[in-house]
Amino acid sequence: MESYSGRMALLGLLQASGAGNTHCADCGVPDPEWASYKLGVFICLNCSGIHRNLSEISRVKSLRLDFWEHDLVEFMKKHGNLCAKAIYEAEVPPFYYVPQSKDCLVLREQWIRAKYERKEFVATSISHEACTSGSREGFLWKRGRDSKQFLPRQFILSASDGVLKYYTKEEIVDWFNAIRAARFHYLRTAFPTAPVSELVPKITRSYFKEGYMEKTGPTHKEIFKKRWFSLDSQERNLIYFKDPLAAFETGRVIIGSKEHGYEVRASLPRGVKGKRWKAGFTIVTPKREFVLTCENDREQKEWMEALNEIISQPMTA
Ligand code: ZN
């Protein structure tokens, strides 16, 4: 009887509007069916799995399946998601990436650990200072080139050149946010009068399409080389790299608009043939024609559609 009334009380609490309990406290999905009775938050099944591994700071129960003692129900009533947010997310820096349910486990777990375990965002905390300065140093046990031993190496992210050299698995989220911090600082310098709300969406570049293609050189007689391409629709750039993890780009093509003479043709210029890949297209720019080949017809179609979408948009001054 006690457990039944407890469960009813919790479900009632969840439905109470304005308490923030209708969505998971950590990833925001609607209708959380679990709760941490140590932290006083309502969470989803996925996040409850992360909390389960943090028994020092959190204990979880199912709202539907578990027994809820009267004092735990009272505790949940007094706390709840809005209350926890006010404490544990009091000072989340604007650049900090707050993961959603679709994000990978590493990001979601580190968000939960940063909030409740390391208490990085409670007021008066200074623990994220290393991150906010826009630079970060880390050690990595990297296998030496000529030896079988693992050697510590220092890697540095610098706000001034914005280059990430390497990261460790444990520090991946710190690095990720350090990169965001560096870019945020750069944007603030570049656009000093823009409000923070306008800068934050610009922190992460939106890559429209990414993948391998092969490209030849300006005379179209050069040997086709396989490169990793990223199409940045915001900046209207097709950037290419030796491989997806290369620190520096090999080159870039600015994608202008139709009015400025840009065009994509579903064919290669006469006499030009791909090396291994035959499905090709040509990007016509006022200065030069770029010849690219794709692994298959589907890739060719997707690249052309993505490029055409940018070309059809007029350029803003
Ligand atoms: Zn969740």
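All values derive from a computational prediction rather than experimental measurement.

What counts, and at which threshold
- Residues numbered from 1 in each chain as written.
- Predicted model: local features only at pLDDT ≥ 70, side-chain atom pairs only at ≥ 80, totals over all residues.
- Heavy atoms only, no water.
- Donors = N, O, S within 2.8 Å, 3.2 Å for Na, K, Ca; no water.
- Tetrahedral: all angles 85-135°; square planar, octahedral: opposite > 155°, others 65-115°.
- Buried < 20%, exposed > 50% of the residue type's maximum accessible area, 1.4 Å probe, protein only.
- Helix = DSSP H or I, 4+ residues; strand = E, 2+ residues; numbered from the N terminus.
- Pairing = 2+ DSSP bridges.
- Contact = heavy atoms within 4.5 Å.
- pLDDT = per-residue confidence, 0-100.
- Phe/Tyr/Trp six-rings, centres within 6.5 Å; stacked < 30°, edge-to-face > 60°.

1. Re the coordination of the zinc ion
Coordination of the zinc ion by the protein involves Cys24 (SG), Cys27 (SG), Cys44 (SG) and Cys47 (SG), with metal-donor separations of 2.3 Å. Classification of the site at the zinc ion as tetrahedral follows from its 4 donor atoms and the range of 106 to 116° in their angles at the metal.

2. Description of the pairing of strand E8 (residues 237-241)
Along E8, 5 of the 5 residues are buried, which leaves the element largely enclosed by surrounding structure. Burial along E8 is two-sided: Asn237, Ile239 and Phe241 facing one way and Leu238 and Tyr240 facing the other are all buried. Judged from the 5 bridges that link them, strand E7 (residues 225-232) and E8 form a sheet pairing that is antiparallel. Looking at the pairing, Ser230 lines up with Ile239 of E8. Adjacent in sequence and paired antiparallel, E7 and E8 are bridged by 4 residues, among which Arg236 carries a positive phi angle near 55°. With 4 bridges connecting them, E8 and strand E9 (residues 251-254) associate as antiparallel partners. Residue pairing for E9: Ile239 is matched across the bridge by Arg252.

3. What about the environment of Ile43?
The residue Ile43 is located in strand E2 (residues 41-43) in this model. When its relative accessible area of 0% is taken as the criterion, Ile43 is described as buried. For the pair Ile43 and Asn81, spaced 38 residues apart in the sequence, the C-alpha separation amounts to 8.8 Å. Each residue touching Ile43, except ones within four places of it in the same chain, is listed here: Cys24, Ala25, Asp26, Pro32, Glu33, Trp34, Ala35, Ser36, Ser48, His51 and Val60.

4. Thoughts on the confidence of the model for the protein
Averaged over every residue, the pLDDT of the protein is 79; residues scoring 70 or more account for 77%. Predicted confidence is poor over residues 125-170, with pLDDT under 50, and the contacts of this stretch with residues over four places away or in other chains come to 89 contacts.

5. What to know about the packing of aromatic side chains
For the structure on display, the rule yields 9 aromatic pairs. A ring pair is formed by Tyr37 and Trp68, whose centres lie 6.3 Å apart and whose planes are at 85°; its orientation type is edge-to-face. You can see Tyr37 sitting in the loop between strand E1 (34-36) and E2 and its partner Trp68 sitting in the loop between strand E3 (60-62) and helix H3 (70-78), a full 31 residues away along the chain. On the basis of relative accessibility, which here comes to 23%, the residue Tyr37 falls in the partly exposed class. Centre to centre, the rings of Tyr212 and Trp228 are 5.0 Å apart; their planes meet at 80°, and the pair counts as edge-to-face. Taken as a pair, Tyr212 in strand E6 (residues 207-215) and Trp228 in strand E7 lie far apart in primary sequence, 16 residues in all.

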